Structure formats: C-alpha cells, structure tokens
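# Structural overview
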Amino acid sequence: MLAARNPVSLHHRIVAGGQRRRCVGGSERNRGRTQGRHFTQALESLWRHTPRIHPPSAAAAAAGGGANPSWQPPVLENAAFEEYYKVQQIVRKEEWDAFMSVLRKPLPATFRINASCQFYKDICSKLENDFRRSLESEVSNEYGEDAIRPLPWYPGNLAWHLNFSRKELRKNLALESFHEFLKHESDVGNITRQEAVSMVPPLFLNVQPDHHILDLCAAPGSKTFQLLEMIHQSKESGLLPGGLVMANDINVQRCDLLIHNTKRMCTANLIVTNHEAQNFPNCSLAKDYSEVYKDTCKLQRLEFDRVLCDVPCSGDGTIRKGHDMWRKWNSGMGNQLHLLQVNIAMRGIALLKVGGRMVYSTCSMNPVENEAVVAELLRRSGNSVELLDVSCELPELVRRPGLSTWKVKDRGSWFQTHDDVPHDRKTVVLPSMFPSSDITEESHAGCGDFEMNTDNRSSFSRNCNVEETRKINHDMDGVSIGSTKNLDCTSNIMNSKFPLHRCMRIVPHDQNSGAFFIAVLHKLAPLNGSQIQGTKIQHTLGKDRIEQLHKEPQPEARPYETILTRQHNNVLEVDDDAELLGRRQNLNMDNGTSKDKNSTEVEMVFNDVESGREESGDRMKKLQKQSRWKGVDPVLFFKDEVVIKSIRSFFGIKESFSLEGHLVTRSTDNARRMYYISKSVKEIVELNEQVGEQLKIASLGVKMFERHRSKDGCSCAYRLSYEGLSLLLPYISKRILYASPVDFHRLLQYRTINFAHFVDSRFGEEAASLMPGCCVVVLVEGHKNADSILKDPMTIAIVCWRGKGTMNVMVSPPDRKDLLERMAYRFGIKASTEEDEKFYPKVNGFDQGS
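Looking at an unreviewed UniProt entry, one finds the chain named SAM-dependent MTase RsmB/NOP-type domain-containing protein, with Urochloa decumbens as its source organism. If you open the UniProt record of the chain and go to Sequence similarities (unreviewed entry), you find "Belongs to the class I-like SAM-binding methyltransferase superfamily. RsmB/NOP family."

Encoded structure:
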C-alpha cells in the first residue's frame, strides 16, 4: 500500500528527518541556530524581481479544474527568461522552439544502481528480464517501446531512464509494482533516484579507489553516494579501499539529510563535515610547503586528489521538475550568486593536490554562474590551473561547448563590459562577470594570498569542439529578443581569452533531460603564498557590497519550495527533488559572512594554530573530552583495551582485522556505540586532533558495535551491528551458525523463533547449545566449506540474539524485507501463510533497538 504523501516545507521536512534519526553519537543540535545575516539577505534578494504572471484563461482553468474548481494549472511562461537566454544565445535560432517545448514537459524519472551493493546483479537481472519486458507490453502504447532503458553514456548500464515522470510513476496503476520496487531498493541503498544530468559531474572526476575526495557542497548526498560507490566498486572482499570521501555542507539540518542518505552505504570511508565551503579549514601541520612531504608516513596537510564543487546556483536547469521556477526566475539570481561561486571554487582549488582534478558544476544555464566563474578561476590561478578538454570522455553523452561571449543584465539594462556599468552599480555588477580578457579589479582584490583566501566558490562547465562553439555562439542572428535597454546588438563582441569551449553545457532537448554545466580543472602547481600559516581568513565580499545588500529591499516572507515526503517503516524517504532545493537554498539562514558565529569560530581556529601546536598534552586531552564545536559531540578514539579484548575473544575476531585505533565513539563517558573507521579516515581524525579540531565532524564511519541491554548473562557487553557485519564477517571465527534457506527465511519472516520450531533440528540444537548473547546466522547455499562461505562477498548473513529459549533477528524492517525478496528471487521461497504465523508466535520480551 502506498504511503500518504503530504507537501511540507524544507525546514519541516528535514527537522522531521532529524527527529526520526540521531546523528552519529546522538548529539542534540540547536537546529534553529542562525549563522549569518548577510548571505541570508543575499539569498532573499534573489527573488526580489519576481515577474508578474497573468492568471490562466477561464478555459484553461475549466479544463484543469475538474473536482477542484479553485485549482489552476501552473503557468509555464516567463517573458524575462526567454529574453535573457535568447540574448545569451544558449541555443541556435532554429532550435529555440524545440528548446522551450521540452522545458515545458515533465522531466523523465531516472535512477542509478549501486554497483558496490551485494545484490546489484540481481537488481540488474530483474530490471532486464522482468520489468523491462513487462513494461514494454503494458505501457508501450502510452510511453513508447523503450519505456525503461539504460542511459547509453553511463558506464556499465548502471543508470536507467524512464519515459515517464515521477508523478506518472506514482499515479499510474500499471506502474505500481515497479514503483514499489524502486521505493524499496532506494530505502536499502541498492539504487539512488537521481536526475540524469546530476550523475554526470562525478564521472568526470576519474575517481580511483585510493583517492581522497572532497565534496564541498554535498547535501542532499546523491553525488556523495555516487562517489562512495566508485571507491568501493573495485575493492577486494573483506578489504577497505584506501581512499575516502569527505562530504561537507554548511547547513546543520541539511547535514542531517546528507547523513541520512549516505547512511545507506554502510561505509567506513566517509566523513561528514559542517562548514562554509568557502571557509573550509586547512588543517595543516607543515610550516611551509616543503615540509608537507617531510614524513611520508604521517599526514601533514589536508589535501585531496579530487574535489567536487557542485555549487549553489539559481537552479533554472531544473525548471522541468520545479514549475515554481517559471514564476520566480529573474536575471538577478545568477548575479547574486556569482562571487560566492567563485569563492567556493577557489577554495576547492586551494585544497586540491598538485596533479589533482576538480569538477565545477551547476544546474543553471546562466553564463554568469558558469563560464564567467570558470574564467575568473583561471585568472586568479594563473598558470597553476588548466581547463581540461574532456570531449573524448563519455563520448555518448550529448553536450555543447561552453560560450566564449555573453552579456550581463542588471535592473533591465544589458552590459557587454564593466566599463558600461553605472558607477552606483559597479560594486554589484562585478568585473569578473564579463568575458573580458583583462585581469579584473576583483581578481586583484582577492589574489593577495590564493591559498589563504578561503571564501572561494566555483562552478562547472562542459566540453565540445571549437567549431561547434562558434556555430552556437553566432548562429542566433535575427532572433527576436524583445525590449533590451542599453544593448547594442551591432557592437563588437567581447570574447574571453580562455578556452571556455572546453566547458560543457547540457541542454534539455538534446537527450530529454534537465540542464547542467560542467568544467574540469587540473592543478599544475601550488597557488602562490599557499603555505603561510596562521593567516586570518579574509572575505572577498567588500564592505560596499555588504552595505548594498543591507539596503536592498527584501521580498515577502514565503517558503522557497515545498517537497513531498513519506514515512515508510519509520524511515524518512527523501525524494531527489531535495537536490533542487539544496542548490537553491544552500545560502539560507545558516549561511554567513566572516562576521557570523561560524566564521568567527573558524577565524579563531586559524589565529590559534601556532599557539595550539605548542600547548601541552593536557590541552589535547581536554579537547578529546569536550568538542570545541558547540552542539557537536567530540570524536573520541575508543582505547579501553579490556573491552576490545573481550569483544575480540567473544566473537573470535582474527588479529588480521585491526580494531585498535579504528574504533571511535561520540560518548564522553560510557560508549554506547562504536564506529569503525578506515585507515584513511583515521589519519584525518588524528590530524584534526593535532591542529585543535578545526574540522567540525558531524558523522563518520560505520556502526560496528553497540552496547546491549539484555540480562541473559552475556559475557560481552557489546553486540554486533548489522551495518558493519559485511566488513567484519570474513574475520569472525566464533558464534556463527549456518542455516538452510528454509530456516533462514523463517527467521527473517518471523524475527523470533523458538529453538524447537526450526525445520532443521540440528540447527535448533546448535542454537540451543550456544551461550546467550549476540551471534551471526549465515545462509548456506550448496556444499561450500565454512571458510569459503565467509570470504564470499555474495554470502548472506544476519545478526541475531540467542535468548533464553529463542533466536531473535536484529535487522531493521527495510533490510529484512530486502533479504526476504532476495530469498524469493534466488530460491523461490514465498512468504508463509497466516497458519504458519500462529505456529511461530513472536516473543515480545526482547528489544535490542535494531
């Protein structure tokens, strides 16, 4: 049965999600905290010039009214939008009608299969052999022959395109079983429902399993999850990849959403942080750049092999799924975000290793947010960074080259150079917004110390050949652009000196998708002045600009967007429309300038780096006990050797699996949960301790052990967690039971079974002879020996509790449902009848909070 769905605001939705689940360590955060006023006003001013939309005709209202006479269909028109992009020559004259026609059509639904999940082959098989055939026969007349098909440009046929929208998927009865399949697989992390063009940026990072990756503006987490898939996909059984993903977002509530979405991955190679992207900490122990590689065995400086800068943007590339954008869009939205995007991207470049690759991306079509940002990055970076030509990568992806020329619109007037801008608007319309080939005044203002300028943000572009670029840029002659003040269409066109044709722009009508912009940057050398320590973070937003933001009129208070949520098995299901909201609203009330609380804390950290290095060990111990970040529990290494030896002895964990130094907790007194972290994450945590906890860590690692509350006389105080079982299973030698498919299925279905009620009496006797406490039940297929079963990555196992007279399953409802479906698909075992339910009564006296 489909769960009821009610539209709620982003704030209410994420707060609700945060109440349903606790962050790692269970820290209670102040969710109403406002970190900054200035960028809040900047965000609100984006909607200042909302265009007036005429109400639909009476005939249209009558046609759409139906049961609700007051309902009116959304008006998918905005004259200012059309004028703006005709002038910018986004597409050729003869394509314009096709371009606008597709923008007014619903966005097709798409999803991606998690290739690192245990059952991805089963999912692929079910899609190809079951759903694809059935949907072709049932809905081909309505949605065409290829109602569901793999995206040709995504590697391994892991991404799928549907010829129907999410709304049609929910309402069409013929698609009900397929919809339920997608919901369930999404709940357990086997698939991710994500817009097709949103999947593109991570693919151009060329991620390897040993890469350290930074996702600077990560929430809601679909791209973060994709990056985690990439580093885990080729790992060996029982081994963790050498890399990690650090996912960051400024908003505390959005961090909760990020944690919720990435938790499905069950990975020990993830750190979630909560910082302004443009002020992301350095975390450096080296006094100069030559010391970075002084000790190859010890991390000296926080740097990354890959950086993803998917920055906040106006979001008009998502207009097909966000109809409200037609009403809200105005040309000032991109102008307001331009400098912030530059600042975030520059910070990303500063954190990138020499030889590393950074992708800048937006879901906006606006060149002020795209090509202008990339050009400014190249100006500021000099010869330290190059824009890569990746036109040979993903050859089946249809993309357009970046623009070499564009214009800037401000308050109804068009400008081709910054010299044309009135004096009173020069602090708002910046030189970096124009395709001038000269070094801009703004560049000099922010270039005093590249690496220390932590206010940097960036955008993303896509690559094509020069001939195509010229064709698109100059074939718009004769297109009607309406009334344009101060625009001389016959004047000389100002072209950028940078090879911006190497950027990529995806437009909707090329492959029935949303719009996106992508640029791939390669770091050739360190930025000038990159190793000066203790420098106070400077904000490139000048005083004049801040004062201007204060003076600008504010719009009426209204929710920026509404989204759909539903509660399924007490788990919040998040629609991928949250990604749209994330881009538009990353500059919400939690953003701020260097004067807000968060930035003040960051400044204090950098001012105290040198003195903090010389403090005594007592100071560092104090930091271990009390986090410097208000409302966030500290990350503490679990060092109780007696407890660790007890766990190792109880479960027979081999010495080859290192527990010492890899277990962390967020509890300052009695560790309720212990999380396992990879070697790469461990090094980051140790570095963060040594520099005075500059990183505000919201979540890390995978839950491995949890203190139990049973009074059955178990000699070990901790039980295993199902989330970490797949990692630990090859190294366990005790407290393992091997069940037949029938008994394993019944355990999953009824959760609690008496020893005497198992079909296999031998299994029941072995369970009864086991000492009380946590154990592992493994599904036995065929005649494999125990050692090969445990090392096989396809082995299915669950965590159970051996009680006084029963065996109790400790797996969440969504995971139990997932395993039951795998059993049915592999062995054809169906759910038992109601009579069987009576024969296997549930025991209600056991609850381990699984």
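Scanning the entire structure with this criterion turns up 33 salt bridges. Of the charged contacts in the structure, one is a salt bridge between K679 and E683, with a shortest N-O distance of 2.8 Å. With K679 and E683 both in helix α24 (residues 679-690) and 4 residues apart, this pair spans about one turn of that helix. Judged by its relative accessible area of 55%, K679 falls in the exposed class. For the salt bridge of E706 with R719, the shortest nitrogen-to-oxygen distance reads 3.2 Å. On the criterion of sequence distance, the pair formed by E706 in strand β23 (residues 702-707) and R719 in strand β24 (residues 718-720) is long-range, its members being 13 residues apart. Take E706: its relative accessible area is 4%, and that puts it in the buried class. Since its relative accessible area comes to 3%, R719 is described here as buried. Put simply, R92, E94, E95, R400 and D510 are held in one network by salt bridges that share partners.

When the UniProt feature table is mapped onto this chain numbering, "binding site: S-adenosyl-L-methionine" (unreviewed entry) sits at C217, A218, A219, P220, G221, S222, K223, D249 and D310. Taken along the chain, the residues just named run across 94 residues; in space they keep tight, none of their C-alpha pairs more than 13.1 Å apart. Overall, the relative accessible area of 2% leaves G221 in the buried class. Apart from the residues lying within four places of it in its own chain, the contact partners of G221 are L258 and T262. The exposure class assigned to S222 is buried, which follows from its relative accessible area of 11%.

A few words now on the environment of L308. By the element assignment, L308 lies in strand β9 (residues 304-310). Residue L308 is classed as buried on the basis of its relative accessible area of 0%. C-alpha separation for the pair L308 and V520, spaced 212 residues apart in sequence, amounts to 9.7 Å. Setting aside residues no more than four positions away along its own chain, L308 makes contact with P201, P202, L205, L214, D215, L216, K223, L227, V359 and S361.

What counts and what doesn't
- Residues numbered from 1 in each chain as written.
- Predicted model: local features only at pLDDT ≥ 70, side-chain atom pairs only at ≥ 80, totals over all residues.
- Heavy atoms only, no water.
- UniProt positions renumbered as here; feature names shortened; annotations may be inferred.
- Salt bridge = Lys/Arg side-chain N within 4 Å of Asp/Glu carboxyl O.
- Helix = DSSP H or I, 4+ residues; strand = E, 2+ residues; numbered from the N terminus.
- Buried < 20%, exposed > 50% of the residue type's maximum accessible area, 1.4 Å probe, protein only.
- Contact = heavy atoms within 4.5 Å.

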